[in-house]
Amino acid sequence: MQLTFLGTGGGAPSLQRNVTAIALTLSARGDTWLFDCGEATQHQFMRTALKPGKLQKIFITHLHGDHIFGLPGLLTSRSMAGIPEPLTIYGPKGIRQFIDTALSLSGSYTSYPLEIIEIEAGEILDNGEFRVIAYPLNHVVECYGYRIEQHDKPGFLDAPRLKAEGVPRGPWYQDLKQGKRVRLEDGREINGAEYLGPATKGKVLAIFGDTAPTAAAIPLAAGADLIVHETTLEAAMAEKANGRGHSTTVQAAELAKQAGAKRMIATHFSSRYVSQDRERLLAECRSVFAATELAHDFAVFTVE
């Protein structure tokens, strides 16, 4: 899995950063999920190797403009490109009204199946490969963070051993690969679990929306391989940040440490910060949580 940051600014775009959008590429096939869609996200999309036709799902954390104003353009451009693949959007209550109103008033439409799901806290998706849980955060409007849990991958099937024991190849191999029991034509019952190597543990990724410090952040980030957390302001501006439902560099790092996360990527920086401020902001994070990196537009990170 890879994360591509299409926008790393909070509130308003700047000359160095667009507003929030993060693409998660799930596989070598290029299947992509998008987290938030600030204005001009489709422009950022075109400057990467990402393919709009591979975009399957969009997860919106909250309804502030810097997280949703890019949706109408992205949705309609996808139609104009003739992409037939369906798209599902998840978000807080009101996301349907926003999309329906924007499309209706502009005389726009989507030519592909579009499903809009308004969420509440809890599990919102399990497709057999990934599970997504929404956690409520502490912002000035309803806001969620998303925990993406990859199911463990079964170990490799020991085909040579099966062959040596006289188990012929056939469609039942697919069941055996899933650890199921199968009954052969000669009456023997084979337990697939006994022929599988060690399972590969799935990755866990936590993507936060805007939030001041909150107890809900701990289960969202607990033991995650990687968390993406906003660091809107520097440590000295904690009162201002928290009063507006945001976190500082140090507060995000403290959460990563308390939750036992392995890595943290900081993003959603105020437009007051320019490139010369990066090292200072990174140093504040790393003073608490050493395994921190700062995102920048078009940065790509592998979920390891």
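What counts, and where the lines are drawn
- Residues numbered from 1 in each chain as written.
- Predicted model: local features only at pLDDT ≥ 70, side-chain atom pairs only at ≥ 80, totals over all residues.
- Heavy atoms only, no water.
- Helix = DSSP H or I, 4+ residues; strand = E, 2+ residues; numbered from the N terminus.
- Buried < 20%, exposed > 50% of the residue type's maximum accessible area, 1.4 Å probe, protein only.
- Contact = heavy atoms within 4.5 Å.
- Lys, Arg positive; Asp, Glu negative; His and termini not counted.
- Charge placed at Lys NZ, Arg CZ, Asp CG, Glu CD.
- Phe/Tyr/Trp six-rings, centres within 6.5 Å; stacked < 30°, edge-to-face > 60°.
- Lys NZ or Arg CZ within 6 Å of the ring centre and 35° of its normal.
- Salt bridge = Lys/Arg side-chain N within 4 Å of Asp/Glu carboxyl O.
- Axes fitted to C-alpha atoms, helices over the stretch in contact; angles between N-to-C directions.
- Parallel < 35°, antiparallel > 145°, perpendicular 65-115°, else oblique.
- Left-handed = near helix turned anticlockwise from the far one by under 90°.
- Nonpolar A, V, L, I, M, F, W, Y, C, P; charged D, E, K, R; others polar.
- UniProt positions renumbered as here; feature names shortened; annotations may be inferred.
- Polar contact = N/O pair within 3.5 Å; in protein donor to acceptor, adjacent residues only side chain to side chain.
- Pairing = 2+ DSSP bridges.

Draft legend 1. The arrangement of the overall build of the protein in detail. Looking only at helices and strands, the protein features 10 helices and 18 strands. With respect to the three principal axes, the spread of C-alpha positions in the protein is 75 × 50 × 35 Å. A burial count over the protein gives 51% of its 304 residues as buried. Long-range contacts, defined as pairs at least 24 residues apart, comprise 61% of the intrachain contacts of the protein with a sequence gap of at least 6. Separation between the mean location of the 31 positive side-chain charges and that of the 34 negative ones in the protein comes to 4 Å.

Draft legend 2. Looking closely at the packing of aromatic side chains. As enumerated under the stated definition, the model contains eight aromatic pairs in all. On the basis of an interplanar angle of 65° and a centroid distance of 5.7 Å, the ring pair of W33 and F130 is categorised as edge-to-face. With a gap of 97 residues between them, W33 in strand β4 (residues 32-35) and F130 in strand β9 (residues 130-136) connect regions that are remote in the sequence. As far as burial versus exposure is concerned, W33 and F130 are alike and both buried. For the pair F69 and F98, a centre-to-centre distance of 6.4 Å together with 25° between the ring planes defines the contact as stacked. Here F69 is found in the loop between α2 (65-68) and α3 (71-80), whereas its partner F98 is found in helix α4 (residues 95-105), with 29 residues between them in sequence. Take F98: its relative accessible area is 23%, and that puts it in the partly exposed class. Taken together, the aromatic side chains of W33, F35, F59, Y90, F130 and Y146 make up a single cluster linked through ring pairs. Above the plane of the ring of Y112 lies R78, whose end atom (NZ or CZ) is 4.5 Å from the centre. It is R161 that lies over the ring of Y195; its NZ or CZ is 4.1 Å from the centre.

Draft legend 3. Layout of the pattern of salt bridges. The final tally for this structure, using the stated rule, is 12 salt bridges. When the shortest N-O distance is used, the salt bridge between R131 and E123 registers 2.5 Å. D186 is the salt-bridge partner of R188, the closest N and O atoms lying 2.9 Å from each other. Under the relative-accessibility criterion, R188 is labelled partly exposed at 30%. Residue D186 is classed as exposed on the basis of its relative accessible area, which comes to 52%.

Draft legend 4. Summary view of the packing of α3 against α4. Where α3 contacts α4, the two axes come as close as 10 Å, and the packing angle between them is 60°. When the interaxial angle is binned, α3 and α4 end up oblique. Considering only the axes of α3 and α4, their crossing is right-handed. Residue-level inspection shows L71, P72, L75 and T76 of α3 in contact with α4, the latter providing I95, F98, I99, A102 and L103. For the contact of α3 with α4, a count of residues per class yields eight nonpolar, one polar and no charged.

Draft legend 5. Main features of the UniProt feature "binding site: Zn(2+) 1" (unreviewed entry) in the protein. This chain's UniProt record puts "binding site: Zn(2+) 1" (unreviewed entry) on H62, H64, H139 and D210. Sequence-wise these annotated residues cover 149 residues; spatially they are packed, their C-alpha atoms never more than 10.5 Å apart. Overall, the relative accessible area of 0% leaves H62 in the buried class. Look past the residues within four positions of H62 in its chain and what remains in contact with it is D36, H67, I68, P92, H139, V141, E142, C143 and D210. A polar contact of 2.9 Å, which involves the side chain of H62, links it to the side chain of T61. Here H64 is in contact with H139, V140 and V141, once residues within four sequence places are set aside.

Draft legend 6. The side chain of N191, seen in detail. The residue N191 is located in strand β12 (residues 189-191) in this model. Given a relative accessible area of 13%, N191 falls into the buried group. The contacts of N191, once residues within four sequence positions are left out, are G179, K180 and R181.

Draft legend 7. How the structure looks around the sheet that holds strand β15 (residues 264-267). In spatial order, the strands read β8-β9-β10-β13-β14-β15-β17; together these seven strands make up an open sheet with mixed pairing. Of all strands in the sheet, those with a lone pairing partner are β8 (122-126) and β17 (292-294), marking the two edges. Put simply, the sheet's adjacent strands are angled 20° from each other on average, direction ignored. When β9 meets strand β10 (residues 144-150), the two strands line up antiparallel, connected through seven bridges. Of the residues in β10, the one forming a bridge with Y135 is G145. Sheet contacts for helix α10 (residues 278-286): β15 and β17; angle to β17, the most-contacted strand, approximately 160°.

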